[in-house]
Amino acid sequence: MSALDTAENAMWRQKARDVAEKVVRPLSKKYDDLQEYPWEIRDALAAAGLMKVWIPKEYGGEAGETPVLNLCIVVEEISKADPAIGVLFAVNALGSFPILVGGTEEQKQRFLPRIASGEKLVAFCLSEKTAGSDAQGLKVRAVASGEGKWKIHGEKKWTTNGGAADFYTVFAVTDPESRSRRISAFIVEKDMPGFSIGKVEDKMGIRAVPVVETVFDGVEVGEDRLLGGKLGQGFKHAMMTLDRARPGVAAQGMGCAQGALDLATVYAQRRQQFGQSIASFQMVQKMLADMATQTEAARQLVYSCARMLDAGLPNTSKVAAMAKLFSTDVAMKVTTDAVQIFGGYGFMRDYPIEKFMRDAKITQIYEGTNQVQRIVVARGILKEAEALTHLSAYIPEEDQMVYEG
Ligand code: CAA
């Protein structure tokens with residue numbers, strides 16, 4: 001329990017911690033080795049009601065007063081035990097946010113309750129082979145095939161949860177001539193004719209969750225599956241989704257860092273060298289202190305970003321990007337140092353720590369690379385700079401500087 005948790009936050013934290021310690025941690029190595037979807041873990045997450053944390057009550061969920069913060073807490077607790085399961089869980093929020101932020105009432109009623117119950121999993125299909133950071137450059141087409149009908153053609157890349165998921169929120173070009181209304185989003189189901197899974201990736205980390213290519217070979221969708229019932233809103237909905245989902249990746253990174261720090265702390269106290277525990281050496285203490293400080297700073301940024309989103313504050317893209325980039329950079333640094341504390345054993349797969357380092361790497365890349373996050377942060381700062389123009393009076397004009405030497 002964090003000192004500032006409300007009763008609601010503490011309830012979600014405890015539920016997540018129970019599943020994390022009883023089910024996730026003991027099975028972590030098995031599914032990392034197998035690189036297979038852990039259905040028994042999915043069942044435990046669903047049975048504990050954790051899939052309801054981000055979905056409002058009217059759509060079968062149990063989102064409370066602070067749904068983004070509660071989601072971050074759940075992802076943090078799961079990621080402390082296994083960061084791969086952190087994303088396996090959080091990617092369902094990523095896939096369902098387009099429906100939450102942009103879906104019609106009918107679409108929300110139709111799809112969200114089955115996600116909340118854990119009966120159905122969902123995936124987010126934005127990236128393509130030639131459209132990663134440049135998400136507007138995507139090429140998958142949805143071509144009109146009759147009154148209120150479209151056929152989707154093309155391939156998506158890096159679909160996390162692909163193959164396991166039942167629903168796919170798919171972004172496709174409907175108006176190639178338009179600059180700002182080029183893209184629309186559709187909800188596809190796995191058994192629709194023309195939908196299939198292509199290459200299944202063999203990954204460095206997050207091996208328990210599948211990352212695949214998804215193939216759309218003329219998948220026909222009707223108006224009822226056009227997100228929000230309107231064409232041309234897809235890019236806006238994708239960006240709004242990422243603003244809400246990036247705090248979840250930030251929580252995954254922060255939980256991953258905390259999990260690695262916890263293991264390193266236990267090991268540093270146990271490992272004897274030169275007749276004493278390595279935790280008694282100042283160089284190791286300095287490492288632990290820096291790791292703990294960075295992880296705590298990441299936690300506070302994640303929580304404050306989540307509280308801003310929960311309060312409905314405008315212009316939260318900047319802080320969501322800050323939380324994502326800071327926490328995931330911390331995850332990489334802290335997990336690398338944790339492996340260092342484990343020394344030679346840390347490099348071996350018999351020990352649980354190297355997995356944290358492998359799992360951390362992708363958090364700096366997916367849901368927008370940390371380079372893209374810095375673009376979003378910089379744009380946010382420059383947008384807000386109007387409020388600072390009065391400061392210009394205190395900065396001399398360069399051509400009016402007089403040399404008085
Ligand atoms: N909310 C609402 N609208 C937004 C917005 C936001 N946060 N950001 C941009 N928009 C709107 C703009 O207002 C603009 O609208 P108009 O055309 O009407 O003026 C439009 O979208 C285009 O905006 P930009 O010109 O800023 O877009 P850009 O092409 O310069 O791209 C970007 C900006 C930040 C680089 C964006 O492309 C981006 O975030 N890229 C990274 C994509 C990403 O995160 N991909 C990961 C996918 S998920 C994944 O990793 C796999 C997985 O399964 C886990």
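Read on for a plain summary of the structure. (Residues numbered from 1 in each chain as written. Predicted model: local features only at pLDDT ≥ 70, side-chain atom pairs only at ≥ 80, totals over all residues. Heavy atoms only, no water.)

Some points on the layout of surface pockets
The criterion, for reference: Only protein atoms enter the 1 Å grid, on which a cavity is a set of points fitting a 1.4 Å probe that cannot get out and a pocket is an open set with protein on both sides within 12 Å along at least 5 of 7 lines, lining residues being those with an atom within 4 Å of a point. Grid points are joined across faces, edges and corners, and a volume is the space filled by probe spheres set on the points. For the purposes of this entry, the term helix denotes a DSSP run of H or I that reaches at least four residues, the term strand denotes a run of E that reaches at least two, and both are numbered from the N terminus.
Looking at the largest pocket, its volume works out to about 1,300 Å³. Around the largest pocket, the lining comprises 46 residues; the ones closest to its centre are Leu 242, Arg 246, Glu 367, Gly 368 and Val 372. Counting residues per element, the ones that place at least two in the lining of the largest pocket are α4 (83-102), β1 (122-125), β3 (149-160), α6 (234-270), α8 (317-346), α9 (353-363) and α10 (370-384). Per-element accounting of the lining of the largest pocket gives the leading share, seven residues, to α10.

Quick notes on the pattern of salt bridges
Cut-off, in case you're wondering: We count a salt bridge whenever a side-chain nitrogen from Lys or Arg sits within 4 Å of a carboxyl oxygen from Asp or Glu. Throughout this description, buried means an accessible area under 20% of the type-specific maximum (1.4 Å probe, protein chains only), exposed means over 50%, and partly exposed covers the range between.
Counted according to the given criterion, the structure contains 32 salt bridges. Between Asp 32 and Arg 207 there is a salt bridge whose closest N-O contact spans 3.9 Å. You can see Asp 32 sitting in helix α1 (residues 7-34) and its partner Arg 207 sitting in the loop between β6 (195-200) and β7 (211-222), a full 175 residues away along the chain. For the pair shown, Asp 32 and Arg 207 are each scored as buried. Arg 349 serves as the salt-bridge partner of Asp 33, at 4.0 Å between the closest nitrogen and oxygen. Here Asp 33, found in helix α1, pairs with Arg 349, found in the loop between α8 and α9; they are 316 residues apart in sequence, far enough to count as distant. What you see here is one network of salt bridges that share partners, running through Asp 5, Arg 13, Arg 17, Glu 76, Glu 77, Lys 80, Glu 296 and Arg 299.

Thoughts on empty space enclosed by the protein
Evaluated as defined, the whole model comprises one cavity of 30 Å³ or more. When its volume is computed, the largest cavity comes out at roughly 90 Å³. Within the residue set of the lining of the largest cavity, elements represented by two or more residues are α3 (67-81), α4 and α6. The element that contributes the greatest number of residues to the lining of the largest cavity is α4, accounting for seven residues.

Observations concerning the nonpolar core
Applied cut-off: Here the nonpolar core consists of buried residues drawn from Ala, Val, Leu, Ile, Met, Phe, Trp, Tyr and Cys, with membership extended through side-chain atoms lying within 4.5 Å. The contact criterion used is simple: two residues touch if any of their non-hydrogen atoms lie within 4.5 Å.
One finds Leu 45, Trp 54, Phe 89, Ile 152 and Val 188 to be the most contacted residues of the largest nonpolar core, which totals 119 residues. With 14 residues, the single largest contributor to this core is α6. Here Trp 54 is in contact with Ala 63, Leu 71, Phe 89, Asn 92, Ala 93, Ser 96, Phe 97, Leu 100 and Ile 115, once residues within four sequence places are set aside.

Describing the site of the ligand
Put simply, the rule reads: Definition of nearness: a residue and a molecule or strand are near each other if at least one heavy atom of the residue lies within 4 Å of the molecule or strand. Whenever a nitrogen or oxygen atom comes within 3.5 Å of another N or O atom, the pair is scored as a polar contact, on the condition that within protein one atom can donate a hydrogen and the other can accept it, and that pairs from neighbouring residues in sequence are kept only if both atoms are in side chains. Amino acids are sorted into nonpolar (Ala, Val, Leu, Ile, Met, Phe, Trp, Tyr, Cys and Pro), charged (Asp, Glu, Lys and Arg) and polar (every other residue, Gly among them). What marks off one domain from the next here is an automatic or database domain assignment.
Around the ligand, 27 residues are found, and the nearest of them are Ser 133, Gln 136, Asp 243, Glu 367 and Arg 379. Measuring from an oxygen atom of the ligand, one finds a side-chain N or O atom of Arg 179 at 3.4 Å. One nitrogen or oxygen atom from the side chain of Arg 246 is found 2.9 Å from an oxygen atom belonging to the ligand. Contributing elements (two or more residues each) for the shell around the ligand: β3, α6 and α10. Counting residues per element, the shell around the ligand draws most heavily on α6, at seven residues. Looking at the shell around the ligand, its residues break down into 12 nonpolar, eight polar and seven charged. Per-domain counts for the shell around the ligand show at least three residues from each of domain 2 (123-232) and domain 3 (236-384).

Quick word on unusual backbone geometry
A positive phi angle, near 55 degrees, is found at Trp 158, a position not held by glycine. Its location among the elements puts Trp 158 in strand β3. Of note, Glu 367 is a non-glycine position whose phi angle comes to about 55 degrees, a positive value. With respect to the helices and strands, the residue Glu 367 is situated in the loop between α9 and α10.

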